[in-house]
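Understanding the architecture of this molecule
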Amino acid sequence: MSTIHFPVAIIGGGLGGLTAARVLHVNGIESVIFDLESGPQARTQGGMLDIHEENGQKALHAAGLHDDFLKIVHEGGQAMRLLGPDGTVHVSSEDEGDGDRPEVDRGDLRDLLLNSLPEGTVHWGRKVTGARPLGDGRHEVSFTDGTVITSDLLIGADGAWSRIRPLLSDAKPAYTGISFVETDLYEADTRHPRSAAVIGGGFFIALGHESGFLAHRETDGSLHVYTARKAEEGWIDTIDFTDHIAAKAAVLAHFEGWNEDLRGLVADAETFTPRRIHALPVGHRWNRVRGVTLLGDAAHVMSPFAGEGANLAMYDGAELALALAAHPGDTEAALAAYEEALFPRSEASAAESAASLDTMFSEDGLEQMVGFFTAGPADR
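Residues numbered from 1 in each chain as written. Predicted model: local features only at pLDDT ≥ 70, side-chain atom pairs only at ≥ 80, totals over all residues. Heavy atoms only, no water.

**Structural notes on empty space enclosed by the protein**
- Per the stated rule, a full pass over the model turns up one cavity of 30 Å³ or more.
- In this structure, the largest cavity occupies an estimated 70 Å³ of space.
- Looking at the largest cavity, the residues that line it are Leu280, Pro281, Gly283, His284, Ala299, His300, Val301, Phe343, Ser346, Glu347 and Ala350.
- Those elements that provide at least two residues to the lining of the largest cavity are helix H9 (297-300) and helix H11 (331-360). (1 Å grid on protein atoms, 1.4 Å probe; cavity = no way out; pocket = protein on both sides within 12 Å on 5 of 7 lines; lining within 4 Å. Points joined across faces, edges and corners; volume = space filled by probe spheres on them. Helix = DSSP H or I, 4+ residues; strand = E, 2+ residues; numbered from the N terminus.)

As structure tokens, this is what we get:
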């Protein structure tokens, strides 16, 4: 099969890769994306995201999509509740509509970006098997379907287990000590009113005993719940998640004594997806390698406890594209400028994420988080 050359090739069609392609397009630079999904509707895209004014929203402005973004914001989604294991509400705030971190459904945001790209930008069903340098900054990427491409600029936007990262770094994500069981409760107000009432209208946290629940009310009326606990790396492997009754019992065994409304978030769940939380080392960086760079989780995957992953991926994508537009004809100068800002930015967020993980899943995590949410901004 013949090899096809693309001047700018982006591996990974997540939020970061799509943002990079969109901002490049706005600035008159065409690119292509290769994504392993079979198509845009191959799977659901996860839960709610809070898009931060200082990074994710800046990326949307650069993409010319901020006004359209405001149309898909989940009204009421910035409400927040923090509970203890006994069901006591320690912190509760309503969405007044004046916050700087509006909530949006990840799938809606992805569709907004995807639909803003020229037709044919994304090549679906392309899973990378390997990538290698060819010299002079050019790289070759091969896919499981037998196709091979070459590029002048290769952008790794392919997530935590990036196949492009080894061109730049030997680092691999490590288990953080926290495991999730991700669940959904559909048509919550009618089918699961008890759970709907306890979660409220927006973001929800319940913490205690190095464990907890993190949940959102989705725009489709469902509840998306992350049951989290400090656990050995092999804990998830001890549970048969194809047997929902057994899986519920195994997870709930670690929440003995918790309020029954909180336990109901597992007991009444309709889907189960186990996840181990991994992170790259805080401060991960690499030496400049001609013709290739990384963005998003490929560059700095971290735990989700700073709420920065999607925001940073989009901001990385926009900043990379803007750097390329600002250095026409000098890709290396653009990549050097982009990475110079990327490394300290991602290190700060990764450190915050690691610290938040330690805080939330400590023995006094509830008390510390109550203090965080009730302190003034200057004291945080």
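**Thoughts on helix H1 (residues 15-26)**
- Taking 1.5 Å of rise per residue, the twelve residues of H1 would be expected to cover 16 Å, and the 16 Å separating its terminal C-alpha atoms lies within 8% of that figure.
- Considered for burial, the residues of H1 that qualify are Leu15, Gly16, Gly17, Leu18, Thr19, Ala20, Ala21, Arg22, Val23 and Leu24.
- Following H1 by one or two positions, Gly28 adopts a phi angle in the positive range, close to 80°. (Expected span 1.5 Å × (residues − 1). Buried < 20%, exposed > 50% of the residue type's maximum accessible area, 1.4 Å probe, protein only.)

**Quick word on the pattern of salt bridges**
- Scanning all chains against the criterion turns up 15 salt bridges.
- Between Glu332 and Arg288 there is a salt bridge, with the nearest N and O atoms lying 2.9 Å from each other. With Glu332 in helix H11 and Arg288 in the loop between strand S15 (271-279) and strand S16 (292-294), the pair connects residues that are 44 residues apart, well separated along the chain. (Salt bridge = Lys/Arg side-chain N within 4 Å of Asp/Glu carboxyl O.)

**Re helix H10 (residues 309-326)**
- The terminal C-alpha atoms of H10 lie 25 Å apart, and with 18 residues this matches the ideal 26 Å at 1.5 Å per residue to within 8%.
- Of all 18 residues in H10, 13 are buried, a share of seventy percent or more.

**Some points on the packing of aromatic side chains**
- As enumerated under the stated definition, the model contains eleven aromatic pairs in all.
- Ring plane angle 75° and centroid distance 5.2 Å describe the contact between Phe372 and Phe373, whose orientation is recorded as edge-to-face.
- The partly exposed category is assigned to Phe373, whose relative accessible area is 24%.
- Linked through ring pairs, Phe180, Tyr226, Phe305 and Phe361 together constitute an aromatic cluster.
- Lying across the ring of Phe143, Arg126 places its NZ or CZ 5.6 Å from the centre.
- Here Arg229 stacks its cationic end above the ring of Trp235, 4.7 Å away from the centre of that ring. (Phe/Tyr/Trp six-rings, centres within 6.5 Å; stacked < 30°, edge-to-face > 60°. Lys NZ or Arg CZ within 6 Å of the ring centre and 35° of its normal.)

**Examining the nonpolar core**
- Ranked by internal contacts, the top residues of the largest apolar core, which has 58 residues, are Ile11, Phe34, Phe69, Leu109 and Leu154.
- Residue contributions to this core peak at seven residues, all from H10.
- Within the second largest apolar cluster, 29 residues are counted, among which are Val181, Ala188, Phe204 and Ala269. (Core = buried A, V, L, I, M, F, W, Y, C linked by side-chain atoms within 4.5 Å.)

**Describing the pairing of strand S10 (residues 148-156)**
- Burial runs high along S10: eight of the nine residues are buried.
- The pairing of strand S1 (residues 3-11) with S10 spans eight bridges and is parallel. For Phe6, the partnering residue across the bridge sits in S10 and is Ser151.
- Sheet analysis places strand S9 (residues 138-143) next to S10, joined by four bridges and oriented antiparallel. Looking across to S10, one finds that Val141 is bridged to Ile149.
- Between S9 and the antiparallel strand that follows it, S10, lie four residues; Gly146 among them carries a positive phi value of about 95°.
- Where S10 and S16 come together, three bridges link them in parallel fashion. Counterpart to Gly156 in the pairing with S16 is Leu294. (Pairing = 2+ DSSP bridges.)

**Considerations on unusual backbone geometry**
- Of note, the phi angle at Glu187 is positive, near 45°, even though the residue is not glycine.
- The exposure class assigned to Glu187 is partly exposed, which follows from its relative accessible area of 47%.
- You will see that His209, though not glycine, has its phi angle at about 55°, which is positive.
- Among the structural elements, His209 can be located in the loop between strand S12 (203-208) and strand S13 (211-217).

**Examining the sheet that holds strand S11 (residues 174-185)**
- Spatial strand order, S5-S4-S12-S13-S14-S11-S15: seven strands in an open sheet with mixed pairing. Each edge of the sheet is formed by a strand with only one pairing partner; in this case those strands are strand S5 (89-93) and S15. Strand-to-strand twist of the sheet, defined as the mean angle between neighbouring strand axes without regard to direction, takes the value 15°.
- Summarising the sheet, strand S4 (residues 80-83) and S5 pair through four bridges and their orientation is antiparallel. (Axes fitted to C-alpha atoms, helices over the stretch in contact; angles between N-to-C directions.)

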